[in-house]
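# Residue-level structure breakdown
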Amino acid sequence: MHHRPGLMGVLGCRFRRWLSILLGFALHLVALLPVAGQSGFDDWSEPVVLTPDAGVVAFSPVAVADSTGYLHVVWTEAEGTGENRSFTSIYYASFDVRSWSMPIDIAVSAPGLAMSFLKGFVVTETGLLAVTWAEGQDIRMAVAPAASANSAQAWRVRRVANGVNPSLAATPDGSRWYLAYWSETTTLVVSVSEDEGLTWDAPQTVWAAEDGTAGSNVTALVGNDGDLNLVWTEAAEARSWSGVAIWYGRLDPSTSEASVRQVSRSASLDEPTLDGPNITACPNGQLHIVWNNGVGSDTGRFHQWYDPDSGRWSQVAAVFPGLSGQTGKPGLVCDNTGRVHLLTSAQGGAAGGGLHYATWIDGTWSDYVTLWGGAYDGERPSMVILGGNELHLLWQVFDLDGQRVDSIAHTMRAVEALREEPRIAASIPVPSTIGPVTATFPGAVGDKDVPATPAVSQPAVPQAAARTVLHPLLIATGVTLGLVAISVPFARSRRR
């Protein structure tokens with residue numbers, strides 16, 4: 001005897017059909033997750049512009065990531081136009097994986113002086129941010145607790161030295177800060193602070209240029225062994241003050257002895273100029289240096305790396321033939337798997353120019369990819385790893401929708417690396433008063449700390465959609481568990 005299915009049976013059959021469809025959708029979401037072995041050069045987030053004001057020129061962003069899961073960025077902004085344009089303020093913003101804070105100005109130059117700022121920005125495990133720049137012949141520094149850095153009143157500005165073009169580095173625990181700068185354009189010096197920038201040792205000479213040459217573009221980095229690593233450019237009058245050599249220096253903190261070697265030299269006029277060196281350290285002890293070739297040359301970028309197992313540096317290798325141009329330092333960072341990430345702004349290639357991204361691991365470079373097909377063209381990139389497996393890129397974008405903008409832009413992507421759980425940050429209140437703390441440095445004036453003076457406030461920045469690998473997984477898991485929970489009553493009713 002045949003029985004027609006009851007209402008619950010019909011609903012159960014239909015429900016199981018819908019359940020299978022929705023479960024397939026959930027599994028599709030899981031399939032979209034980044035997995036080990038995925039190259040994924042096309043999964044960068046849509047760029048977000050942090051400085052949307054028309055007519056405001058923003059320059060040279062530098063990003064750092066702290067252990068609590070925050071990204072911090074500083075850059076300079078200019079007043080005036082054309083030959084009358086000068087950089088007179090430093091701005092700061094932070095990213096909490098969901099949205100950007102509203103940019104605030106944390107330092108303003110003295111009347112009549114312009115700022116020189118390249119790569120002097122650090123964060124320590126003790127929760128301090130520090131940025132350094134030059135105004136004329138004065139090197140200044142601003143320090144703030146990372147937890148309250150979105151308040152201009154949290155930043156302390158002080159004068160610390162006589163010189164130009166500074167770079168800043170610090171040990172992760174913040175016990176030693178290094179200030180590398182040019183006492184003159186011909187002499188590179190380093191000073192050390194062991195009290196978070198309040199006082200500094202007498203500067204130590206690392207390198208002095210010969211007649212007809214000068215130095216520039218120094219970058220300082222503390223390696224995993226605690227040594228200070230430096231790279232810089234030697235420029236020559238004979239080549240219209242273009243870069244002719246790349247140098248590397250190492251300072252041993254236990255002996256305070258510096259060793260210096262020449263990395264590469266352009267020996268003749270038919271060889272490309274060399275400039276824009278950057279350096280990164282890997283957790284396995286490797287060091288990597290990348291620098292630029294001159295406009296119109298076909299040698300590509302240049303790379304050299306240090307192998308801690310052999311204790312030797314590799315031969316200099318020309319990589320990415322066809323790319324060229326002195327476009328500022330490349331973005332360079334190493335993740336916790338030992339993979340090096342490179343972002344260079346260069347001319348050449350199928351797109352004719354733009355931002356070119358590639359990776360290196362185990363002695364091999366990937367092919368480079370021109371991001372967004374050459375759109376969002378710009379220079380002066382800064383890259384940093386946040387949380388172990390997120391690669392963040394900031395740069396000075398030149399054009400948007402066919403209009404010249406000179407704005408700061410941000411994008412991010414997941415990388416094949418181990419996730420590092422953020423630690424809980426201690427709450428650091430913003431002081432209501434400023435104490436008369438004095439910085440001491442041989443030859444320095446010893447200015448009192450002063451709070452940053454706000455200038456014109458920036459409009460709120462639109463929220464950036466965070467693209468973390470957990471979001472699709474959580475959605476898929478939620479859908480699956482919800483459907484399973486709903487299906488249980490149907491299954492029981494059928495058994496009855």
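Counting from 1, residues in each chain are numbered in the order their sequence is written. It should be noted that, the model being predicted, local features are given only for residues of pLDDT at least 70 and side-chain atom pairs only at 80 or more, the latter also being counted only at that level, while totals for whole chains, interfaces and linings use all residues. As a rule here, side-chain values cover all heavy atoms of the structure and leave hydrogens and water aside.

## A few points about the overall build of the chain
Under the scheme used here, helices are H or I runs from DSSP no shorter than 4 residues and strands are E runs no shorter than 2 residues, and both carry numbers assigned from the N terminus. When helices and strands are counted, the chain shows two helices and 32 strands. Under the scheme applied here, a residue whose accessible area is under 20% of the maximum for its type counts as buried, over 50% as exposed, and between as partly exposed, the area being computed with a 1.4 Å probe on protein chains only. Relative to its 496 residues, the chain shows a buried fraction of 52%. The contacts of the chain with a sequence gap of at least 6 include a subset with a gap of at least 24, amounting to 52%. If you sum the accessible surface of the chain, you get close to 22600 Å²; carbon and sulfur atoms cover 55% of it. Pairs of residues are marked as contacts when any of their non-hydrogen atoms sit within 4.5 Å. Residue burial considers only the protein chains on display, and all accessible areas are found by Shrake-Rupley using a 1.4 Å probe.

## A word on the layout of surface pockets
Note on definitions: the grid is 1 Å and covers protein atoms alone; a cavity is a set of points where a 1.4 Å probe fits but cannot get out; a pocket is an open set with protein on both sides within 12 Å along at least five of seven lines; lining residues have an atom within 4 Å of a point. Grid points are joined across faces, edges and corners, and a volume is the space filled by probe spheres set on the points. The volume enclosed by the largest pocket comes to roughly 1400 Å³. Taken together, 50 residues make up the lining of the largest pocket; nearest its centre are Val64, Ala65, Leu221, Val333 and Val384. Every element with two or more residues in the lining of the largest pocket is listed here: β2 (57-65), β7 (121-123), β11 (164-170), β15 (213-222), β19 (275-281), β24 (331-334) and β29 (378-386).

## Quick notes on the nonpolar core
In this description, a nonpolar core means a group of buried Ala, Val, Leu, Ile, Met, Phe, Trp, Tyr and Cys residues linked to one another through side-chain atoms lying within 4.5 Å. Ranked by size, the top nonpolar core spans 23 residues in total, and within it Val74, Tyr92, Ile106, Leu129, Val131, Trp133 and Trp155 carry the most contacts. Those elements that place two or more of their residues in this core are β2, β4 (86-95), β5 (104-108), β7, β8 (128-135) and β9 (138-145). Sequence-distant contacts of Val131, that is, excluding residues within four places in its chain, are made with Val74, Ile106, Phe117, Gly120, Phe121, Arg140, Met141, Ala142, Trp155 and Leu168. With 22 residues, the next largest nonpolar core counts Ala209, Ala220, Leu228 and Val244 among its residues.

## Topic: the packing of aromatic side chains
Here the aromatic set is Phe, Tyr and Trp, taking the six-membered ring for Trp, and pairing holds for ring centres within 6.5 Å; pairs whose planes are under 30 degrees apart are stacked, those over 60 apart are edge-to-face, and all others are tilted. Tallying each qualifying case throughout the model produces 16 aromatic pairs. Ring centres of Phe320 and Trp365 lie 5.5 Å apart, and the angle between their planes is 75 degrees; on these two criteria the pair is classed as edge-to-face. Taken together, the residues span a long stretch of sequence, with Phe320 in the loop between β23 (317-319) and β24 and Trp365 in strand β27 (residues 364-365) at a distance of 45 residues. Of the two residues examined, Phe320 and Trp365, each falls in the buried class. Each member of the aromatic cluster is reached from another via a ring pair, and the members are Trp182, Trp207, Trp232 and Trp247. Any Lys NZ or Arg CZ found within 6 Å of a ring centre and within 35 degrees of that ring's normal is scored as a charge over the ring. Its end group placed over the ring of Phe398, Arg404 keeps NZ or CZ at 4.5 Å from the ring centre. One residue, Arg413, lies across the ring of Trp44, its end atom 5.8 Å from the ring centre.

## Digging into the side chain of Thr344
Mapped onto the secondary structure, Thr344 falls in strand β25 (residues 340-347). Take Thr344: its relative accessible area is 1%, and that puts it in the buried class. N or O atoms within 3.5 Å of each other form a polar contact, as long as, within protein, one can give a hydrogen and the other can take it, and as long as residues adjacent in sequence are counted only when both atoms are side-chain atoms. Polar contacts involving the side chain of Thr344 include one to the side chain of Arg301, which spans 3.0 Å. When residues no more than four places from it in sequence are discounted, the contact partners of Thr344 are Asn292, Arg301, Leu323, Pro330, Gly354, Leu355 and His356.

## Quick notes on the pattern of salt bridges
Here, a salt bridge means any side-chain nitrogen of Lys or Arg that lies within 4 Å of a carboxyl oxygen of Asp or Glu. One pass over the full model with this rule turns up 12 salt bridges. For Asp138, the salt bridge is made with Arg159, and the minimal N-O distance between the two is 2.9 Å. With Asp138 in strand β9 and Arg159 in strand β10 (residues 156-162), the pair connects residues that are 21 residues apart, well separated along the chain. Taking relative accessible area as the criterion, Asp138 reaches 21% and is therefore assigned partly exposed. For Arg339, the salt bridge is made with Glu416, and the minimal N-O distance between the two is 3.8 Å. Taken as a pair, Arg339 in the loop between β24 and β25 and Glu416 in the loop between β31 (403-414) and β32 (450-451) lie far apart in primary sequence, 77 residues in all. It is possible to trace a salt-bridge network through shared partners that takes in Asp225, Asp227 and Arg250.

## Description of the sheet that holds β29
Note: two strands are recorded as paired if DSSP finds a minimum of 2 bridges between them. Across the sheet, four strands lie side by side as β1-β31-β30-β29; this open sheet has antiparallel pairing. In this open sheet, the two strands that pair with only one neighbour each are β1 (48-49) and β29. Relative to β31, β1 runs antiparallel, the two being bridged by two bridges. Among the inter-strand pairings, Val49 is bridged to a residue of β31, identified as Ala409.

## Here we look at the sheet that holds strand β14 (residues 204-208)
Spatial ordering of the open sheet is given by β11-β12-β13-β14, a layout of four strands whose pairing is antiparallel. Among the strands making up the open sheet, the edge pair consists of β11 and β14. Taken over all neighbouring pairs, the strand axes of this sheet differ in orientation by 25 degrees on average, direction set aside. As judged from the four bridges shared by strand β13 (residues 187-193) and β14, these two strands associate in the antiparallel manner. Counterpart to Thr187 in the pairing with β14 is Ala208. What counts as an axis is a line fitted to C-alpha atoms, over the stretch in contact for a helix, and the angles between N-to-C directions run from 0 to 180 degrees.

## Quick word on the environment of Arg423
Checked against the element boundaries, Arg423 lands in the loop between β31 and β32. Under the relative-accessibility criterion, Arg423 is labelled partly exposed at 37%. Separated by 356 residues in sequence, Arg423 and Ser67 place their C-alpha atoms 6.1 Å apart. Excluding anything up to four places from it in sequence, Arg423 contacts Ser67, Thr68, Glu125 and Gly127. Among the polar contacts made by the side chain of Arg423, one reaches the side chain of Ser67 at a distance of 2.7 Å. A polar contact of 2.7 Å, which involves the side chain of Arg423, links it to the backbone oxygen of Glu125.

## Brief notes about unusual backbone geometry
Of note, Ser60 is a non-glycine position whose phi angle comes to about 55 degrees, a positive value. Examined against the element boundaries, Ser60 turns out to sit in strand β2. For Tyr376, which is not glycine, the phi dihedral falls at a positive 55 degrees. Along the chain, the position of Tyr376 falls in the loop between β28 (369-370) and β29. Residue class for Tyr376 comes out buried when judged on its relative accessible area of 19%.

## Quick look at the environment of Gly378
Mapped onto the fold, Gly378 is located in strand β29. On the accessibility criterion, Gly378 (0% relative accessible area) is buried. As a C-alpha pair, Gly378 and Ala346 span 32 residues in sequence and 9.1 Å in three-dimensional space.

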